[in-house]
Each structure stands twice: as structure tokens, then as C-alpha cells.
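# Descriptive analysis of the structure
One-letter residues, chain by chain:
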Amino acid sequence: MIKLLIVDDSSIMRRTIERNLGHYNLEIVGTAATGVEALELVKEKKPDIITLDITMPEMDGITCLVEIMKIHPQAKVMIITALSDKLTGLQALDKGARGFLYKPVNSMALSKAFDKLLKHKSSDGTEKRGV
Amino acid sequence: MERRKEEFEATCKLFIDSVSNYFKVLTEVNSEMGIPYLKESEEIVLKDFTGMIGISGSKKGFVYISADKTMFEDLINIFLGIEDASNADILDMAGEISNVVAGNVRANLGANFMISVPIVFKGKPEELQFPKNVSIYVIPLKWKKHKAFVVVGLE
Amino acid sequence: MKSLHNLPIKAKFGIVIIPLIMIIIFFDIFQIKHHYYDYQDSNRLNKAIVLGVEINHVVHEIQKERGITSGILTTNSSIDKFKEELVTQRKRTDSTLTAYLNELKEKNSQDLLKLHRRDIDKLNDQFGKLQELRKAVDRNSINTDQAIEAYAEINSIALLAVNELIKETRDKQVTQQVHAMIYFLESKELASIERAIGTQLFSLQDRREDLVRRFASLVAEQEAYMKSFLIISDSESESYYNNIVEGKEVEEVVRLREVILSRSNQEENPNYWYKVITGKINSLKKVEDYLAETIHLQTEIIASKAKVGLWGFLVLDILIGVIALLITWTIAVNLLGNVKKLEDFTRKLSSGDLSQKIDIESNDEIGQYANTFNKMVETVNISQKETQEARDKATEMYENTYKQSEVILENVQQGIFLLDPSFKISNQYSKAMEVIFDNQSIANENFSNFMRPLVIPRDLEALEMFMRHLFNEDMDEEVVNQLNPVEQVKIFTDQDGIINTKYVRILFSRVIRDSEIQNILVTVSDETESVLLQQHIEDAEANKKIETEQLLSILKIDPSLLRGFLFNSRKGLRSISEEFERNGDNDMGDLLTFTFQAIHNIKGNASLIGLQLVTDKLHKIEETITSMKQKNVTGNDFLSLLFEIDELDKVLVYMSELLRKVADIYKNFPTTGHVVSNILVIDSLEKGLHRISKEIGKEVNFDFENDKNIVIPDNYITPFKDVMIQLIRNSLSHGIEPRHDRLALNKIEKGNISITLDQEEENEMTIIYFDDGEGIDLKKIQESAISKGIIAHKLNDKDKIIDLLFHSGFSTANQIDEYAGRGEGLGLVKSIIEEHDGQFTINSEHKKFFEMVIKFPLKGDIEISNEV
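Right, let's walk through the structure included here.

Reading the values: the criteria
Residues numbered from 1 in each chain as written. Chains lettered and ligands numbered in written order. Predicted model: local features only at pLDDT ≥ 70, side-chain atom pairs only at ≥ 80, totals over all residues. Heavy atoms only, no water. Contact = heavy atoms within 4.5 Å. Buried area = accessible area lost by both parts, 1.4 Å probe. Salt bridge = Lys/Arg side-chain N within 4 Å of Asp/Glu carboxyl O. Polar contact = N/O pair within 3.5 Å; in protein donor to acceptor, adjacent residues only side chain to side chain. Helix = DSSP H or I, 4+ residues; strand = E, 2+ residues; numbered from the N terminus. Nonpolar A, V, L, I, M, F, W, Y, C, P; charged D, E, K, R; others polar. Pairing = 2+ DSSP bridges. Axes fitted to C-alpha atoms, helices over the stretch in contact; angles between N-to-C directions. Parallel < 35°, antiparallel > 145°, perpendicular 65-115°, else oblique. Left-handed = near helix turned anticlockwise from the far one by under 90°. Phe/Tyr/Trp six-rings, centres within 6.5 Å; stacked < 30°, edge-to-face > 60°. Buried < 20%, exposed > 50% of the residue type's maximum accessible area, 1.4 Å probe, protein only.

## Some words on the interface of chain C and chain B
Each partner contributes to the interface: chain C provides 27 residues, whereas chain B provides 24 residues. For the pair chain C and chain B, the two sides together bury roughly 2400 Å², of which 59% comes from carbon and sulfur. Inspection of the chain C/chain B interface yields one salt bridge. A salt bridge links Lys39 of chain B to Glu581 of chain C; the nearest nitrogen and oxygen atoms lie 2.4 Å apart. One can count five residue pairs in polar contact (both at pLDDT 80 or more) joining chain C with chain B. Elements with a contribution of two residues or more to the side of chain C that touches chain B: α18 (530-552), α19 (559-582), α20 (588-608), α21 (612-629) and α22 (635-661) of chain C. By residue number, the principal contributor to the side of chain C that touches chain B is α22 of chain C, which donates eleven residues. Tallied by class, residues from the side of chain C that touches chain B come to nine nonpolar, seven polar and eleven charged.

Structure follows, in C-alpha cells:
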């Protein structure tokens with residue numbers, strides 16, 4: 001089963017994501033309101049997929065992402081943020097994020113993004129050149 | 001004059017569009033805009049809960065969304081399907097809305113439009129200070145039966 | 001005929017010209033011949049005369065010889081003297097004969113000989129007989145008569161020859177002379193025979209009757225010839241003859257003739273006869289010589305004339321001929337040349353060479369043909385060019401079908417190109433790229449280098465990352481594209497040192513081949529509405545300038561008035577926003593009406609103190625409201641109105657600040673309390689009144705009466721002023737009639753407006769406003785109200801009708817302007833008075849006056865000024 005970690009400073013958002021992804025065959029291994037919490041959970045649970053907000057107090061999403069990739073490079077990180085600054089988004093991709101979603105995100109958009117991410121994961125078993 | 005007016009209207013439109021987009025995308029119910037009015041900083045009005053974002057960079061000021069508790073409860077119910085939202089949830093909700101709205105506006109105004117993390121509060125805190133010499137536009141909103149304000153104060 | 005048609009032009013020319021030349025030559029020859037004949041004739045005549053003279057000499061000598069011979073034979077004696085004389089005479093005759101023969105041998109006589117061969121031969125034959133005759137005389141085998149007859153025969157032939165020789169001449173005068181001379185010669189010959197016969201008769205004892213008769217006929221014949229000669233000869237010859245043939249000898253001849261003819265036997269010496277008659281004959285000979293000479297001269301003159309004529313004609317003829325040939329040649333050469341040109345030209349045309357033009361400098365038919373040809377060629381050229389163009393176009397279109405992509409790249413408005421994995425721009429890119437980026441070196445450039453000077457570093461950094469992710473196959477294209485940092489980007493292009501700001505949209509999509517990302521297709525569109533933007537900037541700058549200037553104009557306005565105005569206006573503006581906040585749920589039309597009244601009131605005040613900038617802005621806001629009233633407004637529409645109000649408020653704030661800054665200047669002119677305020681208010685009302693009346697074009701007297709020196713308390717100054725302004729405006733636009741209307745109503749030309757302050761009761765202040773204008777037309781008000789749908793039926797109560805005036809939206813003015821208002825004026829008056837707990841009544845008589853009495857309650861004491 002695919003393990004999912006949700007990181008967002010808004011509990012409403014965390015719960016909304018959780019709720020919207022309920023019909024997937026996912027195991028939500030945890031939710032985190034801060035970057036620090038998130039890193040703890042990554043270390044501990046090694047989630048396959050992580051949704052990550054960027055504007056968070058204390059540790060911002062990008063820093064958190066860098067740290068996550070250090071601990072667990074195989075994680076597929078999906079950024080879900082309202083901060084639609086492109087550079088920040090690109091930096092996230094640079095740092096290893098695999099998906100990107102703008103808030104407000106409704107269930108449809110979220111499902112679609114997850115479908116893609118999961119499809120990618122399944123085709124990951126075959127060797128890919130130039131990665 | 002005309003250019004500034006257009007600029008102003010464009011900026012206001014970004015906020016209004018962002019808010020109405022929020023409601024539309026997440027609740028599939030359109031919001032309605034009421035008749036806007038001007039306010040002096042000392043006589044600003046707030047509803048039950050407010051999420052506020054500070055703006056810095058090329059434009060300085062603030063934007064906040066203030067609404068009664070029921071509206072946030074209604075939203076939370078739509079998102080999570082729960083009836084009994086806590087105060088913390090409501091504050092969280094207010095912060096999230098203003099965060100998304102400000103974040104979206106930033107995408108359109110560019111990197112020089114800096115936004116802070118949302119400040120959320122209930123009622124009107126004593127220590128709350130609004131900057132002087134900014135024109136404060138109060139844009140009343142109606143979503144479902146709820147009334148809210150989007151308040152834009154920009155230099 | 002057809003073969004004639006087919007001849008080349010040159011030959012045709014020849015056919016026309018050659019007969020002409022032949023005719024000319026023929027005519028010339030004829031002329032030359034004529035002249036030559038004249039010349040030849042004269043020459044011949046000349047020679048004939050010379051020859052004739054020689055013959056005459058011979059004849060003359062023969063005549064003498066005959067005379068002597070007849071003398072010898074008749075006397076039949078051998079008088080030595082006669083014999084001697086005869087020998088001498090014979091020698092003389094022979095010598096003249098030799099001379100004649102020599103003349104005949106002359107070279108130039110040959111032609112003459114040829115012509116008169118027969119006569120000359122006959123003559124020579126006769127001359128040949130002379131020797132035989134002489135022998136017969138010597139032998140005495142011949143009698144006198146026979147001898148004379150023989151001699152006469154010779155002479156007769158000789159004279160005939162002469163006659164033949166000279167008579168054929170073409171000159172009439174000469175011919176006449178020649179005939180005269182022939183007559184003369186005949187006469188002379190007869191005279192000579194007369195001598196011989198006479199000699200014979202005088203020698204004989206017995207004068208033989210037959211001889212006498214013969215003598216008589218000789219004389220008669222001789223005289224007849226002589227007479228003929230004298231008739232036809234010219235006068236000169238006649239007078240010459242008369243001069244020469246005269247004298248004793250001639251008279252003696254006449255006397256001796258009489259002797260013979262009278263048949264008397266009177267003895268006369270034959271020698272004497274011979275002597276005198278020879279004398280006469282010699283005279284005749286002289287005349288003969290003269291005649292010959294004259295004719296000779298004349299013929300010579302004619303000959304030389306003929307010669308000159310011939311040569312002259314020849315020279316002239318050649319000259320004319322040469323000139324005629326020359327002209328003909330020139331024309332022919334020109335004509336044939338042009339024909340040749342035309343021929344060459346048309347040959348070139350037919351071979352397809354259309355680049356030539358024919359150049360014939362002539363206006364004749366050929367020249368005109370040439371022009372026509374040129375035009376034709378031009379037309380053909382144009383149509384050929386068109387055909388070529390059409391063909392080119394067709395070719396182009398044909399190629400287009402095959403090079404469609406290229407054409408698209410050329411013509412598409414968007415910048416289109418491909419990126420390779422090293423971010424290099426493809427060789428082929430759409431033309432629009434160069435336009436959008438003001439750059440020609442695009443092909444093979446690294447896109448990130450290409451964009452470096454155009455965007456801010458942050459965007460460039462983002463772009464580089466973005467492209468990298470685009471080529472990363474692990475990344476979902478959609479995810480990456482969400483983060484396109486140049487989806488809308490401001491670029492700074494440099495064109496000849498001028499920096500242009502543009503807003504471009506750059507979109508990327510992957511080009512996948514064999515399930516690998518081969519390239520990225522990039523599209524660029526220019527979204528700058530640069531012209532519009534530029535206009536806005538310019539407008540803004542112009543506006544700013546006007547505003548600054550007009551703001552400075554506030555310095556001319558009384559500061560206390562201005563301060564009051566600013567305070568009240570800001571309050572008024574604020575009240576609008578408050579109304580929006582308070583009654584946002586109310587009917588939007590009501591909100592707009594409220595806004596309009598508030599704005600209108602402020603406008604009245606601004607106009608009154610002459611604050612044009614603010615008046616204009618307020619007027620614009622009024623227009624915005626009016627246009628909003630006419631459509632279905634939403635909350636969004638109010639934003640624009642609110643912005644305008646806020647902008648105006650900002651102007652007012654700015655003016656307040658400005659006023660504070662200049663306050664020091666006014667410190668020396670302190671405003672001392674209410675009295676001053678009062679004076680200023682009245683003063684400003686009067687100024688405003690005159691300004692408006694001047695602009696409307698109605699002359700008005702203003703009268704302010706304050707006999708009790710009432711000072712309006714501070715709290716009433718603003719409402720007082722506001723109400724008065726509205727009333728004044730009302731009077732000027734509706735009340736006071738135009739000049740000619742007033743005169744028709746027997747009113748004084750200038751209108752009158754008066755304001756009176758009074759205090760009838762202690763706790764009340766009375767303000768009486770009066771104008772002598774049209775007053776209230778109750779009928780018109782009712783009609784207007786009905787047509788506007790304010791009331792349904794006519795009203796009976798006068799007060800109720802007057803109340804209609806205060807209905808919002810009621811106005812009888814036909815057009816809206818700054819002064820006439822928008823039907824809100826009196827409504828405003830009413831609300832101001834009521835707001836301050838005042839009361840009012842209206843008195844009016846149609847076409848006479850309008851009066852409004854306003855009463856305000858006074859709290860506390862009213863200040864009565866002691867100042868004057």
C-alpha cells in the first residue's frame with residue numbers, strides 16, 4: 001500500500017486533502033502542521049508520497065523539501081500551495097518535487113494530480129534513461 | 001488619473017476574482033459582490049473572524065477577509081463534512097482563505113508583491129493597528145446567505 | 001496591279017519618282033535644244049550672211065564685168081580702154097570668186113554647205129560657166145543681148161542662193177531685214193542690168209526699140225524692188241539709203257533714163273552713162289554692205305544672246321535639278337529610313353523583344369504610327385507584366401503549398417521556434433520573433449542567453465530551471481507548465497538605444513518522437529497594448545499638469561472660504577460612503593440619487609468659490625452617476641464611482657495640506673469672527689451670482705439688505721450659503737427671463753435678485769430670497785410632473801403643486817449644465833432647510849416674481865453686530 005504524508009499548516013486543508021484522497025488505496029501515515037513535524041514523520045514512516053505546503057510558519061516548504069530529499073530521496077513530493085510564485089514552484093521541482101498544485105484545490109484537481117503521480121510511480125519499475 | 005483608476009480597478013478585481021474563484025472552485029456556489037465603500041483606518045469594521053495578509057514590496061498595505069462565524073462553519077462543513085467546527089478550525093479556515101487569496105493575487109502582481117503568512121483573529125483585538133494614509137475599500141460579499149468583507153487597503 | 005502592290009516601298013518610290021525625273025529631264029532637253037537651236041541658228045545665219053556677202057561681192061563684180069562686156073560687144077570696136085578695163089574687171093571678179101570659194105572651204109561653213117548643198121552646187125556650176133562665157137565674148141561668138149542674158153542668169157542664181165542662205169532665220173526682225181536686203185539686191189541687180197542695157201543703147205546709133213522697152217521695164221522693175229525694200233527695211237537702213245544714194249550721179253542717171261525713154265535721138269556718151277550709173281551702183285553697193293553688216297551684227301547679237309541663254313539655262317537647270325534631287329533625296333532617305341526603322345522595330349516586336357522603343361522624330365503618318373506602336377508596346381508590356389506577376393503569384397502559391405510551414409513562420413503573428421535539449425533555438429523560427437524581440441540574431445542562440453538581457457534575473461533563473469524540467473521526462477508536462485515563469489513576462493528590448501517595455505506570453509510544449517522529448521515547441525505572443533499604455537501615460541501626465549496648475553489657483557481664493565468648503569465637502573463625500581455602508585442593501589437607485597445630491601451640493605459650492613478643477617471633477621462624478629442610473633448596476637460598478645470619490649477626496653486632502661502650508665501668508669489677515677464670515681459669504685454669493693449670470697448671458701442686479709445688522713451664526717452659514725446658491729442658480733436658469741422677454745413684459749431690462757435678513761421674533765432668523773423673474777407657472781409644473789410620471793392627475797391645491805418643485809428629479813429646464821442642475825436644486829434646498837429645523841414658504845405670481853421666506857430657529861442670542 002502506498003504511504004501518504006500530508007504537510008500543511010492549516011488543519012482544515014490537511015483534513016480536506018485526507019478526505020478527498022480517501023477513495024484511493026492509500027495509507028495516510030501521518031499529517032504535519034510544520035516542517036519539523038514533517039521531517040520527523042518522514043524519517044519514521046518513509047512515506048511514498050508527500051503533499052507539502054510552502055507557506056508555513058517556522059520552516060518554509062522549500063527548506064522542508066530539501067531536508068526530506070536528504071532523508072528519503074525516493075519520496076514523491078507534491079507541492080500544494082497558494083503561493084503561485086513561479087520561481088518558488090520551480091525551485092521546488094529543482095529540489096526534487098514531482099507535482100505541483102495551486103490552491104484552491106478541489107477534489108477533482110487533486111485526484112487528477114494524484115492519478116498522474118501514481119501512474120508515474122507504477123511505470124517507475126521499468127528502467128528510464130537519462131534520469 | 002485614468003491610469004491609476006484602471007490600475008486600482010485591476011487590483012481590486014484580482015482580489016475579488018480570487019475570492020469568488022475560491023468559493024466557486026471549492027463550493028461550486030458563486031459569491032456576489034455588494035456595493036463597496038470607503039473607510040478611514042480608525043473606523044474599520046470587522047466581523048466575527050478575520051484572516052489578514054500583510055502586503056509589502058511594490059505596493060504596501062493589507063487585505064483581509066472578515067466574516068461571521070457561520071460562514072466559516074458552512075465552509076468547513078463543505079470541506080470536511082463536520083458540523084461542529086471548533087474556534088481553532090474557524091481561525092484556520094479564515095487564515096487559509098486569506099492565504100489563498102493573497103497568494104493568487106501575488107501570482108498576478110509578480111514577485112515584488114510580497115505577502116506575509118496570514119494573521120487570524122477573532123473579533124477586534126485591541127492592539128490591531130491599521131496603517132494611516134491608505135484608502136481602505138470595503139467590498140461587501142455575499143455567499144449563500146452569509147455576508148463577508150474583503151477589505152483592501154493599499155497605498 | 002497586284003504585282004505593283006507587292007513591290008517594296010523603295011521600288012514604289014522609284015516608280016513615282018523616276019517618271020517625274022524623266023519628265024523634268026525631257027523638258028530640260030527640250031529647253032536646252034530650243035536654246036541650242038537659237039544659238040545654232042544665229043551662228044548659221046551669221047555664217048550664211050558672211051557667205052552671202054561673199055556671193056554678193058562676186059555678183060557685184062560680175063555686174064561690173066557684164067556692163068563692160070556689154071559695152072565692148074555693142075560698140076563692136078576694140079576700144080582698148082574697154083578691153084583693158086574688161087581684163088582688170090575680170091581679175092577683180094575672179095578674186096572675189098576666189099574669196100567666195102575660200103569662204104566655202106572654211107571649216108565652220110561645212111554645216112551650211114550641208115544644208116544648202118543643192119543651191120551652192122548650182123551656184124558653183126553657174127560660176128563655172130563664167131569662163132566659157134568670157135571665151136565666147138572674146139571670140140565674139142555671142143551678141144550683147146546673149147551676154148547680158150548669160151551674166152544675168154549667173155547673178156540670178158547667185159542671188160537665189162543668197163536668198164536661200166539667209167532667208168531661214170527664226171528671228172522676225174532679222175527675217176524682215178533679210179527680205180529687205182533681198183529686195184535691195186534684186187533692185188541692185190536690175191540697176192546693174194540697166195547699166196549694161198543703157199551702155200548698149202547709148203553706144204548704138206540707132207536705139208533699138210526692143211532694147212528701149214526692155215530698159216523701161218528694167219527701170220520700172222528696179223524701182224518696184226527698191227520701193228519694196230524701202231517699205232520693209234528698218235528706218236535706219238532707209239535713212240542710210242537716202243543719205244547715200246543721192247547727188248549728181250543719181251540725178252544724171254534719172255536724166256539719162258529720160259533720154260532713153262523719151263526715145264529722142266539726143267547723143268549721149270555711153271562712157272558718161274556708164275560712169276554715172278556705176279557711181280550710183282557703187283552707192284547701192286555701200287548700202288548693200290551696210291545692210292549686210294547690220295544683219296551680221298544683229299545675228300551675232302542673237303547668237304551671243306542665244307549662247308548666254310543656253311548656258312544660263314544650263315547652269316540654272318543644273319542648279320534647280322541638283323536642288324530638286326537633293327530635296328527628293330532627303331525626303332526619300334528620311335522616309336525610307338523611318339520605314340526601315342519601323343520595319344526593324346516591328347521585326348523585333350515579332351521576335352518578342354518588347355524592351356525597345358521606336359524613336360521617329362516626325363509628325364507625319366509614320367511618326368504617328370510610331371507613337372501608336374510605342375503605346376501598343378507599352379500596353380503589351382503592362383499586360384505582360386501583369387501576366388508575369390500573376391504567374392509569379394501562382395508560382396508563389398504553388399511553392400506555398402509545399403513550404404507551408406515556412407510561410408506560416410513568415411506570417412504568423414506569434415513567435416514560434418523549437419528548443420533543443422541544450423536550449424538552443426532552432427534555425428527556423430517565425431518572423432514575428434524578430435519583431436517581438438527587436439532582435440535579428442535568433443537562430444542557434446541559447447534561449448537563456450537570448451532572454452538574459454530582456455528579463456529580470458529572478459525570472460531568468462526561473463526560466464532556466466523551468467526549461468530543465470521541461471526536458472526531464474520524469475516530470476509531468478502539465479505540472480511543469482503550471483510553473484512557466486514567462487507565461488506572462490515583462491521584457492525590456494533595446495531598439496537603437498531606446499528601451500521598450502513589452503509584455504509577452506511564452507508558452508512551451510514538448511515535442512515527443514519515439515517516446516523521447518525531442519524538442520520543445522515555444523510560442524511567443526506580444527500582449528503589449530503599447531499604444532494604449534503610452535496614451536494612458538501621456539494622459540496621466542497632462543492631467544497631472546492641469547491639476548497642479550489648478551491647485552495653485554486655490555491661492556487666489558479666500559482661505560477661510562476654502563477651508564470651510566474643504567471641510568464641508570469632505571464631510572459630504574464621507575456621508576456618501578457612510579450611506580453605502582449603512583444602506584448597502586437598499587435600492588441602488590436610491591443610493592445613486594443620494595450620491596448625486598451630495599455631489600451636486602458640493603459642486604454648487606465649488607462653482608461658487610470658483611474652484612474649477614473640483615467643479616469639473618464633481619461634474620464628471622455626476623455623469624458617472626447619471627450613466628449608472630441608466631443601467632442595471634452591480635456592486636462592482638460602485639467600485640469605479642467610489643474610486644472617483646476617493647480620488648476627489650484625495651484632491652481635497654491635498655488642497656487642505658496646501659492650505660495649511662500657505663496659512664502663514666494669511667496670518668496678517670485674521671478672520672475675526674462671524675461678521676467677517678458673513679461679509680465673505682455675501683461677497684462670495686454676489687461674485688458667484690455675477691459670474692454665473694455673465695456666463696448664462698442674463699444681466700442681474702444683486703441686492704443684499706440687512707438693516708438690522710443680523711449676523712448669521714456659524715452653524716447657519718453653510719446651510720444659508722448652500723440654500724442661497726441653489727436659489728440663485730435656479731433664478732438664473734429658470735426665473736429671470738431673457739432680455740427681450742423681459743422687455744415684452746414691461747419689466748426693466750436687468751433682472752433683480754435680492755436677499756434680505758430679518759428678525760421678526762427673538763428666537764428666529766428670517767431670510768427672504770426674491771427675484772423678479774417668471775415666478776412659478778403652476779400649469780407648466782403640473783404638465784411637466786404628469787409627463788415625468790411624478791403625478792397622475794392634475795392637482796387643485798396650489799401648495800401641493802409648488803411641492804412638486806421639491807420633488808427629486810423634477811426640473812423644467814430643457815438642458816443640463818453646470819448651473820441649471822439636474823432637477824435636484826430645489827430638492828436639495830428643502831432637505832438642507834429641514835435638516836436644520838428650518839421652515840419655508842413660497843410666494844409667487846406667474847410672470848412677476850418668486851419669493852422664498854426661510855426661517856431658522858435661533859438657539860441662544862443672535863449676535864447683532866455693532867460694526868458697520
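## Details of the interface of chain A and chain B
Of the residues lining the interface, 18 residues belong to chain A; the matching set on chain B comes to 21 residues. Both faces combined, the contact of chain A with chain B buries some 1800 Å², and carbon together with sulfur accounts for 56% of it. The largest contributions to the chain A side of the interface with chain B come from Ile12, Arg19 and Pro104 of chain A, which together make up 33% of the buried area. Taken together, the links from chain A to chain B amount to two salt bridges. Here Arg15 of chain A makes a salt bridge to Asp89 of chain B, at a shortest N to O gap of 2.3 Å. For the pair chain A and chain B, the interface holds twelve residue pairs in polar contact (both at pLDDT 80 or more). Broken down by class, the residue content of the side of chain A that touches chain B amounts to six nonpolar, six polar and six charged.

## Quick word on the environment of Thr493 of chain C
Residues and elements named next belong to chain C. Looking at the secondary structure, you find Thr493 in strand β3 (residues 489-495). Sequence-wise, Thr493 and Ile436 are 57 residues apart; in three dimensions their C-alpha atoms are separated by 8.6 Å. Those residues in contact with Thr493 that sit more than four places away from it in its chain are Ile436, Phe437, Asp438, Leu454, Ile498, Ile499, Asn500 and Lys502.

## Describing the pairing of strand β4 (residues 498-513) of chain C
Residues and elements named next belong to chain C. Pairing geometry for β3 and β4, over seven bridges, is antiparallel. Across the sheet, the residue bridging to Asp494 is Ile499, located in β4. Where β3 hands over to β4, the hairpin turn is made up of two residues, of which Asp496 adopts a positive phi near 50°. Alignment of β4 against strand β5 (residues 516-526), held across ten bridges, turns out to be antiparallel. Its bridge partner lying in β5, Val511 is registered against Asn519.

## Focus on the packing of helix α1 (residues 11-20) of chain A against helix α2 (residues 69-80) of chain B
Packed helices, taken two at a time, are described by the angle between their axes plus the distance between the axes. With their axes 9 Å apart at the nearest point, α1 of chain A and α2 of chain B run at an angle of 30° to one another. Taken together, the axis directions place α1 of chain A and α2 of chain B in an arrangement best described as roughly parallel. In this structure, α1 of chain A contributes Ile12, Arg15, Thr16 and Arg19 of chain A to the contact, and α2 of chain B contributes Ile76, Ile78, Phe79 and Leu80 of chain B. Looking at the contact of α1 of chain A with α2 of chain B residue by residue, the classes come out as five nonpolar, one polar and two charged.

## Concerning the packing of helix α9 (residues 235-244) of chain C against helix α11 (residues 270-350) of chain C
Residues and elements named next belong to chain C. As a packed pair, α9 and α11 sit with axes 9 Å apart at the nearest point and diverge in direction by 160°. Judged by the angle between their axes, α9 and α11 are roughly antiparallel. Crossing geometry of α9 relative to α11 is assigned as right-handed. Residues Glu236, Ser237, Tyr240, Tyr241 and Ile244 of α9 touch α11, and the partners they reach there are Ser283, Leu284, Lys286, Val287, Tyr290 and Leu291. Within the contact of α9 with α11, the residues separate by chemical class into seven nonpolar, two polar and two charged.

## Quick notes on the packing of aromatic side chains
Evaluation of the coordinates by the stated rule reveals 24 aromatic pairs over all chains. Ring centres of Tyr22 of chain B and Phe23 of chain B lie 6.2 Å apart, and the angle between their planes is 90°; this geometry places the pair in the edge-to-face category. Here Tyr22 of chain B and Phe23 of chain B have matching classes, each one buried. Measuring from ring centre to ring centre gives 5.5 Å for Tyr100 of chain C and Phe127 of chain C, while their planes differ by 70°; the resulting arrangement is edge-to-face. Here Tyr100 of chain C is found in helix α3 (residues 80-105), whereas its partner Phe127 of chain C is found in helix α5 (residues 117-139), with 27 residues between them in sequence. In this pair, the class of Tyr100 of chain C matches that of Phe127 of chain C, namely buried. Here the aromatic residues Phe417, Phe437, Phe447, Phe450, Phe466 and Phe508 of chain C are joined through ring pairs into a cluster of three or more.

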